[in-house]
Amino acid sequence: MMKYFSKKEAAKDLAYDLIGGLLIAVGVYNFASASHFPLSGVSGFALIFFHLFHLPIGIMTIVLNIPIALATYPILGKRFFIKSIKSMIISSILTDVIAPLFPVYSGDRLLAALCCGVLAGAGYALIFMRDSSTGGSDFITLAIRAKKPHLTIGTIAFILDIAVILLGTLLVSKDIESLIYGVIIAYLSSIVIDKLMYGMSQGKVALIVTDFGQKLCQEIDDHFGRGSTILNGTGGFTGEDKDVIMCACNKKQMFGIRRLTKQLDPKSFIVIMDSSDVVGEGFQKE
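Residues numbered from 1 in each chain as written. Predicted model: local features only at pLDDT ≥ 70, side-chain atom pairs only at ≥ 80, totals over all residues. Heavy atoms only, no water.

Some thoughts on the overall build of the protein chain
Secondary structure assignment for the protein chain yields 10 helices and 4 strands. Starting at the N terminus and walking to the C terminus, you meet the elements of the protein chain as α-α-α-α-α-α-α-α-β-α-β-β-α-β. In terms of overall dimensions, the protein chain is more spread out than a globule: its C-alpha atoms have a radius of gyration of 24 Å, far above the 19 Å expected for 286 residues. With the C-alpha coordinates of the protein chain rotated into their principal frame, the extents come out at 75 × 50 × 40 Å. A buried classification covers 38% of the 286 residues belonging to the protein chain. Taking as baseline every contact in the protein chain between residues at least 6 positions apart, the subset at least 24 positions apart corresponds to 73%. Per element, the accessible surface of the protein chain, about 16000 Å² overall, is 66% carbon and sulfur. Taken together, the 26 basic and 23 acidic charged side chains of the protein chain have centroids lying 4 Å from each other. (Helix = DSSP H or I, 4+ residues; strand = E, 2+ residues; numbered from the N terminus. Rg over C-alpha atoms; globule rule 2.2 N^0.38 Å. Buried < 20%, exposed > 50% of the residue type's maximum accessible area, 1.4 Å probe, protein only. Contact = heavy atoms within 4.5 Å. Areas by Shrake-Rupley, 256 points an atom, 1.4 Å probe, with all protein chains shown as cover. Lys, Arg positive; Asp, Glu negative; His and termini not counted. Charge placed at Lys NZ, Arg CZ, Asp CG, Glu CD.)

A look at the side chain of Thr261
Residue placement: Thr261 occurs in helix H10 (residues 251-264). When its relative accessible area of 0% is taken as the criterion, Thr261 is described as buried. When sequence neighbours within four positions are dropped, the list of residues in contact with Thr261 reads Ile208, Leu216, Ser268 and Ile270.

Overview of the confidence of the model for the protein chain
Of the residues in the protein chain, 92% have a pLDDT of 70 or more, and the chain-wide mean is 87. Per-element averaging of pLDDT across the protein chain places helix H6 (residues 137-147) at the bottom with 78 and helix H5 (residues 109-128) at the top with 94. Note that residues 1-5 has pLDDT below 50 and, in this model, 0 contacts with residues that lie over four places away or in other chains. (pLDDT = per-residue confidence, 0-100.)

A word on helix H2 (residues 41-53)
Over its 13 residues, H2 extends 19 Å from the first C-alpha to the last, a length consistent with the 18 Å expected when each residue adds 1.5 Å. If you check which residues of H2 are buried, you get Gly41, Val42, Ser43, Gly44, Ala46, Leu47, Ile48 and His51. Looking one or two residues past H2, His54 carries a phi angle of roughly 60°, positive in sign. (Expected span 1.5 Å × (residues − 1).)

Looking at the environment of Lys7
Here Lys7 is to be found in helix H1 (residues 2-33). Counting along the chain gives 181 residues from Lys7 to Leu188, while the straight-line C-alpha distance between them is 34 Å.

Shown next, in the form of structure tokens:
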């Protein structure tokens, strides 16, 4: 059973690498390179070499990743390192071999930037979902984070991305418009990654303090088909025992649950929060 599971997971990893790598390849080669957009990460450096010396983007991505991989290997761990190297090689080969088979877009630059951001973001998200990466700046970001834990991953990634985009602008495009498009692509990619990895199960979580816990749970189930959990609470000021209902649902359902709660118990106290990811019955399974 374990052997079957391993083969199944390996096949799934490969499928995600191929689809994600192809999306990244098309975004970089067919949209970004033709419009001379500066990109972030090692892909951004590879594009600089492509425009200045006509060196293949995929090959340069692999070459530039070698010293980074060797330097960060002890920090990242063997499993993540091996999976990331595999994903990086696949996406690099697809960039040099498969992407050139598709037509290169040479139309409106804003549309090209949007397509690049969405395609690349979707590709990276698929690879990240399998606990992998495409190396490069991901390796550097995690390595810096390990050495400087007070810095957030987002802060480190943002600084690295802006630095590479600025360098690409200075050496290749040499105009402010391209710089702006590069920032738009980086921002859009991050939004797409977050939405694909977490946004599909985004919703709301309510914490409801009430004297009618069991009845309210039943009403929520009857009206909205949502389960809930009753927690035991004690008022900090009054010392009275209270029921605290925790309920996760989508945004539309939350409005109805809020209204229902106030109808049933006007004295209830409700806290509504955003949830970036919900896993379990009624939501995604894993």
